[in-house]
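Coordinate analysis (summary)
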Amino acid sequence: SLLPTLRDATVDPGRDVYMEQIPDAKPFFAFGLIHGSHKLLISPYYGTRELFDMRTDPGDQHDISDAQPALTARLTKALIDFQRTHGLDPASYGLR
């Protein structure tokens, strides 16, 4: 679980955390990047790219990507860079 790391105030707040969500029952695969209090969540199946502020919206109910396009673009680029650095093909994840 990443919960202890996310709750630990001594963790470097500038450290990005890559994440993948693979559910059991439905065709929903999502992946993303956590940076500080922001979470970028991308779902290729649904064609969505959402940005959440985990500090003010811990339940991920309010997508702020339209209100924060520059941050969404910056985190998307960071996610693509991470994938390339770790031998993943961003295009196979629906990213370009």
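That block above? That's the structure.
Here we summarise the structure given alongside this text. (Residues numbered from 1 in each chain as written. Predicted model: local features only at pLDDT ≥ 70, side-chain atom pairs only at ≥ 80, totals over all residues. Heavy atoms only, no water.)

Brief notes about the pattern of salt bridges
A full pass over the atoms with the stated rule returns 2 salt bridges. Two residues, lysine 39 and aspartate 60, come together in a salt bridge whose shortest N-O distance is 2.5 Å. A residue pair is termed long-range when its members are at least 10 positions apart, and lysine 39 in strand β3 (residues 38-43) and aspartate 60 in the loop between β4 (48-53) and α2 (69-85) qualify at 21 residues. Residue class for lysine 39 comes out buried when judged on its relative accessible area of 13%. The class for aspartate 60 is partly exposed, based on a relative accessible area of 21%. Across the salt bridge formed by lysine 77 and aspartate 81, the nearest N and O atoms sit 2.8 Å from each other. A residue pair is termed a helical-turn pair when its members lie 3 or 4 positions apart in one helix, as lysine 77 and aspartate 81 do in helix α2 at 4 residues. (Salt bridge = Lys/Arg side-chain N within 4 Å of Asp/Glu carboxyl O. Helix = DSSP H or I, 4+ residues; strand = E, 2+ residues; numbered from the N terminus. Buried < 20%, exposed > 50% of the residue type's maximum accessible area, 1.4 Å probe, protein only.)

What to know about the sheet that holds strand β1 (residues 17-21)
Taking strand neighbours across the sheet as the criterion, the 4 strands line up as β1-β2-β3-β4 in an open arrangement whose pairing is antiparallel. For this open sheet the edge positions go to β1 and β4, each flanked by a neighbour on one side alone. On average, adjacent strands in this sheet sit at an angle of 20° to one another, irrespective of strand direction. Against the sheet, α2 contacts β1, β2 (30-35), β3 and β4, and its axis sits at roughly 110° relative to β2. (Pairing = 2+ DSSP bridges. Axes fitted to C-alpha atoms, helices over the stretch in contact; angles between N-to-C directions. Contact = heavy atoms within 4.5 Å.)

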